[in-house]
Each structure stands twice: as structure tokens, then as C-alpha cells.
Amino acid sequence: MRAGGHRGLGEVIGLIAVIAGLAIAQLVAALRNGLNNPIVSLGNRIIDHVPAAVKKFAIKTFGVNDKTALVFSILVVVLILAMLIGRISASGNQRLAYGLVTTLIAIAGAAALFDAGASLLSLLPSLAAGATAILILHWFSLKRAGVSHDQDGLSRRELFKAFTLIGVGTVAAAGVSKFLGDRASVQLQRLNIALPRPLKFLPPPPADPAATVPGLSTLFTPNSHFYRIDTALTVPNISIDTWRLRIDGMVKKPREFTYSELSQRPVFELDDTISCVSNEVGGYLVGNARWLGIRLDDLIKEVGPSAKADQIMGYSSDGFSAGFPLAALDGRDAMIAFGMNGEPLPLNHGYPARIIVPGLYGYVSATKWLTRIELTRFDLKQGYWVPRGWSALAPIKTQSRIDTPRSGTSVKAGNVAIAGVAWAPTRGISRVEVRVGNGQSAQWREATLGPELAKTTWRQWWINWEAKPGATEISVRATDGTGALQSSTITPPDPNGAQGWHTISVNVS
Ligand SMILES: Nc1nc2c(c(=O)[nH]1)N[C@H]1C(S)=C(S)[C@@H](COP(=O)(O)O)O[C@H]1N2
Ligand SMILES: [Mo]
């Protein structure tokens, strides 16, 4: 038997060493909130530094799965490197192999030092990963030296088996400990806390037209179906016991509040449709919820904003920030929300607290995992997305969407319901029109509007259509509560939200 062993054995050993290293790193990361797996830290740095164009491409291509795609890509690169390292180690060049591991660890460690709330401790997961990988490579190299004379492939196979077992065992252990560690406990806490009760509940919602119009969005978007957009590779796990909200900056009386202090203030309910600025015409990065929380304007008044301040900046525990005009607190029901559709905020949507400002896109207002509010100035501070090319001011544009029929599908000739939603928070929707066909003869017809919960929410709409065989286009346009017609000018989402009438093509058979 050659000293190098079976073909491919080096690569397998490299994989085992690195996977076990990552599992150990995961275990170490689970020991303390804020520590991250090296893969996650690398991903965080990529998210922070990729050019805006690439990020836009990723969101467009992978949609809300862009993070999974990113983690997966990093993992693939790391595993390819692992095989390379294994190969080098198997060929006898231990120094080069360990050198490469050390280099990888140095890069991952450096990445971790920029994670939110990083300290020297942030290096621990990477160091643990490196030490594990090198130990395993070393052990195999000793074994290899030991068995290279006895011509016996079996012992090598046994070794391989042993390490597969160790690898699988460590991955399982790391997963379990992570789960039991932070996530499960915060998840459990969330299930067990009672939301504060408003003095006055909003009336129960009216009958939902979606019940009788198949394919139409429901009046409220269930939390489980609500779109999620954020830069967080791992969802922050924040316990209400340790959570604090600091309000500072250009204020007379900076203050810090605990969860119970805030939730004992008068709470109210707000029906509000939030949207992502990245939502394309006809897109699904929009949802409607009944939020529960406290008034933001009252809170800001109490800390005494300086006359010089013109921006309210929310910061999250993971380093995201979003700023909007102080002047947006013009009486509208901006809130610090604790509840969403009758439940505490889901972890994905900002538990334990987030900001909701009716009428503004999420990236300038809706900070999830909120831990700090700073009164500042637009000429001093920019929120996370602004230096990345998005507008500093971003009111939600009037949009309308056809939910059914779906574009590119076929429908049977006869009576077909065309239906969808339209939104223009805080202006409301006063009219929705639908046009079938695009020729001279095509007429705009007024759709029936669903119930108006508030000027801040979307409105469902529907219309009956006598579909005749052939291919056709269907367009929709909305008029907001001020009487302004939705713009027909097609613009992309950047820098401040897509415009244009949603047009679909369907085939009638
Ligand atoms: N902490 C944090 N909050 C955030 C973001 C983020 O990346 N991090 N993204 C914002 C953006 S761009 C949008 S559109 C909304 C989306 O809120 P949702 O995920 O609850 O739908 O959250 C906002 N709040
Ligand atoms: Mo967004």
C-alpha cells in the first residue's frame, strides 16, 4: 500500500477534520449569546460588504432564501478547501496543511471580531474549529505513518468509520446544544408571556372576502406566511429579562427602559400594512398585521428631543439601523410593537420589540430586535441601507397587485374572478380599476373594494370577468385616499420603491 493511502482518503479526512471543527465551533458558539459559528461570521461580513448590486441580485434571484444560499455557498467553498487541505496533509506536507487551516481560522476570526457586540471571546469558535481540525489531521497523519507498513487497508477503514461516527456525533451534539441553549429558551419564554391588554381593543375584523374569493390574499397575513426581510444570518435570541431599550442622542433626558416598564404603559392596537422597498410590482414582500404596542411619539416627548434633532434612528441588537424623520411623528400611530396578530412578535419578526411607522418602507423604519433609539440628524447619521444606495426618505408608494389569476396560467372560459390587494399607507385606497386586454377597445372597469380596516392597511378588491378563449393581458391600478392615481411610470425598486401598474398575461381555454 502506498504511504498516501487510498485515493480520495486524504480528501475525506480533510472533510472530517473541518466538519468536526465547525461542529465544535457551533458547540462553543452555543455557550454564549452573541458568539457565532465561523461560517455565520464570514456570511455577516459578506452581507455587510457585497456591492449593493450583488445584494439586489441575490434578493431577486433567491428571494427570502438569499441567506440560505449565502451560507450554503460559503460552506461549499470551505468544504472544497477542506478537501484540498486533506489532500496536502495526506501527501505528507503537514506544515502546509496546518498553515492553510491557520490562515482560514485567522480570516474567520477576523470576521468574527466585526460581529455585533464582538469581543476577544468572539474568536473562541474559530479557534476551537482550528484546533479541532488540526488535531484530527495530526492524529490521522500519525495513524497513517503507523499503518503504512502493515499493508492492511482495514485498519484505515476502521479509522475512517470511527471518525465518521465522531463527526456525526459532534454535529448532532452541536445542533442539540444550540437548540437547547438560546433559541429554545427564548422561544419558550415567548410562548409563555402574556401580551399587555389595550384599554380598548380594535373591533374584531369584518368577514374576510378571501373566504369566498379563492386565491385572494387574506385581510390579515398570518404570521407564519408574513414575508421576512433582514440582514440577520441568525435570528437574535433576546430574553425580555435582559432586554433594555435605550433612548439617547440629542435628548434632554436619555433613558433606559426594561420590557416590563414599557409594557406597563398604555398599549393600543394598530392595523398596518408594511412593505419592503425591494418589493417589485406585483411582488409579495408586503403584508398586513394587527400590531400591538405603545405610542412612539409619547415616549420621544418624554425624553425631550433637542430642537436640532430631525431624525429618529432605531438600532437592533445585531447592528442594523433604520432612520426616519422626527417629523413623521405627526400624529400617526407609530409604535414600538410587542405583538403581531394577537401573539408576541415572532422571533423572525423582531421579538421582543420592533418599530412600526405607518406609511414608511421597512428599511427606514421597522427596526426589529430593537435595543436603542437615537435622536440625531440626517446630516450626521445614515441608517444601514442609505450608504448602500437607497434613499434616506422612503414613504411607501401606492401599489396594487393581482393575486388571481396568476400570471402565465390558464383559466377556463366563462365567469372568472380577478382579485387582489392595493395599498397606500397612510393615504388609504379609494378606488381600484382593472383592464382586460391592451387594445384600443380595452376599458378600465371599477373593481369592488373590500372592507377598509384603516387608511394604513391594504384593501382587497375583486371583479367578475367573462373570459373568452384566447391570450390576454390584465392590468390593475389604484387611486389613493387623496385622489391621486397610482403612477404608471415603471421604475425599479431602487432607490426608493417600485412603481408601475401590475400587468399579467393569462390564457383562456
Ligand atoms: N434588525 C433589523 N430590522 C429590520 C431589518 C433588518 O435587516 N434588521 N430589515 C428591515 C426591512 S428592509 C424590512 S422590509 C422589514 C421587514 O419586516 P418583516 O421581516 O417583519 O416583514 O424589517 C426591517 N427591520
Ligand atoms: Mo425591506
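Above: the structure in question.
Along each chain, the written sequence defines residue order, and numbers are assigned to residues from 1. Chain letters and ligand numbers both follow the written order, the letters beginning at A and the numbers at 1. Two thresholds apply to this predicted model, a pLDDT of at least 70 for residue-level local features and 80 or more for giving and counting side-chain atom pairs, whereas whole-chain, interface and lining totals are computed over all residues. Water and hydrogen atoms were dropped before computing side-chain values, which therefore reflect all heavy atoms in the structure.

**Here we look at the overall build of the protein chain**
Summing up its helical and strand segments, the protein chain has nine helices and 19 strands in all. Projected onto its principal axes, the C-alpha positions of the protein chain cover 85 × 65 × 40 Å. For the protein chain, with 509 residues in total, the buried portion stands at 51%. Contacts are residue-level and defined by heavy atoms, with any inter-residue pair within 4.5 Å sufficient. In the protein chain, the proportion of contacts linking residues at least 24 apart, taken out of those at least 6 apart, comes to 74%. For the protein chain, the exposed area adds up to about 23,100 Å²; of that, 61% sits on carbon and sulfur atoms. Of the charged side chains in the protein chain, 50 are positive and 36 negative; the average position of the first set lies 4 Å away from that of the second. Secondary structure is summarised from DSSP: a helix means a run of H or I of at least four residues, a strand means a run of E of at least two, and numbering begins at the N terminus for each. Only protein chains enter the accessibility calculation, which uses a 1.4 Å probe. A residue is then buried if its area is under 20% of the maximum for its type, exposed if over 50%, and partly exposed in between. Each accessible area is a Shrake-Rupley estimate made with a 1.4 Å probe; only the visible protein chains count as cover when residues are assessed. For the charge count, each Lys or Arg is scored as positive and each Asp or Glu as negative, with His and the chain ends excluded. Throughout, a charge is located at the NZ atom of Lys, the CZ atom of Arg, the CG atom of Asp or the CD atom of Glu.

**Details of the pairing of strand E19 (residues 502-508)**
The alternating pattern of E19 places His502, Ile504, Val506 and Val508 on a buried face and Thr503, Ser505 and Asn507 on a face that is not buried. Only when DSSP finds a minimum of two bridges between them are two strands counted as paired. The pairing of strand E12 (residues 410-411) with E19 spans two bridges and is classified as parallel. Bridge pairing in E19 places Val411 opposite Val508. As paired strands, strand E18 (residues 470-480) and E19 are joined by seven bridges and run antiparallel to one another. Among the inter-strand pairings, Ile474 is bridged to a residue of E19, identified as Ile504.

**Quick notes on the nonpolar core**
Leu245, Trp291, Leu296, Phe324, Ile336 and Ile373 are the most contacted members of the largest nonpolar core, which has 77 residues in total. The contact partners of Phe324, leaving out residues within four places of it in the chain, are Leu296, Asp310, Gln311, Ile312, Leu329, Ile355, Val357, Leu360, Val364, Ser365 and Phe378. By size, the runner-up hydrophobic cluster in this structure holds 20 residues, among which are Val411, Ile429, Ala447 and Ala478. Note on terminology: a nonpolar core comprises buried Ala, Val, Leu, Ile, Met, Phe, Trp, Tyr and Cys residues joined through side-chain atoms within 4.5 Å.

**Let's talk about the layout of surface pockets**
Here the idea is plain: a probe the size of a water molecule rolls over the atoms and shows the empty space left. Note on definitions: the grid is 1 Å and covers protein atoms alone; a cavity is a set of points where a 1.4 Å probe fits but cannot get out; a pocket is an open set with protein on both sides within 12 Å along at least five of seven lines; lining residues have an atom within 4 Å of a point. Grid points are joined across faces, edges and corners, and a volume is the space filled by probe spheres set on the points. What the second largest pocket holds in volume is close to 300 Å³. What lines the second largest pocket is a set of 14 residues, among which Ser217, Thr221, His225, Tyr284 and Arg401 lie closest to the centre. Grouping the amino acids of the lining of the second largest pocket by side-chain chemistry returns six nonpolar, five polar and three charged. For each domain, the first and last residues come from an automatic or database assignment. Residue assignment places the lining of the second largest pocket across two domains, with domain 2 (209-388) and domain 3 (399-508) each supplying three or more. For this classification, Asp, Glu, Lys and Arg are treated as charged, while Ala, Val, Leu, Ile, Met, Phe, Trp, Tyr, Cys and Pro are nonpolar and the rest, including Gly, are polar.

**Looking at the packing of aromatic side chains**
When two rings of Phe, Tyr or Trp (its six-membered ring) have centres within 6.5 Å they constitute a pair, described as stacked for plane angles under 30 degrees, edge-to-face for angles over 60, and tilted for the intermediate range. This model, assessed by the stated rule, comprises ten aromatic pairs. The interplanar angle of 75° and the centroid separation of 6.1 Å between the aromatic rings of Trp243 and Tyr259 together place this pair among those described as edge-to-face. Of this pair, Trp243 sits in the loop between helix H7 (153-192) and strand E1 (244-249) while Tyr259 sits in helix H8 (residues 259-263); the two residues are 16 residues apart in sequence, bridging distant segments of the chain. Here Trp243 falls in the buried class, since its relative accessible area comes to 2%. With a relative accessible area of 7%, Tyr259 lands in the buried category. Through pairs of rings, three or more aromatic residues link up here, namely Phe226, Tyr227 and Trp291. Charges are assigned to positions over rings by a cutoff of 6 Å between ring centre and Lys NZ or Arg CZ, combined with an angular limit of 35 degrees from the ring normal. We note Arg295 situated over the ring of Phe268; from NZ or CZ to the ring centre the distance is 5.5 Å. Above the ring of Tyr284, the side-chain terminus of Arg401 is found at 3.9 Å from the ring centroid.

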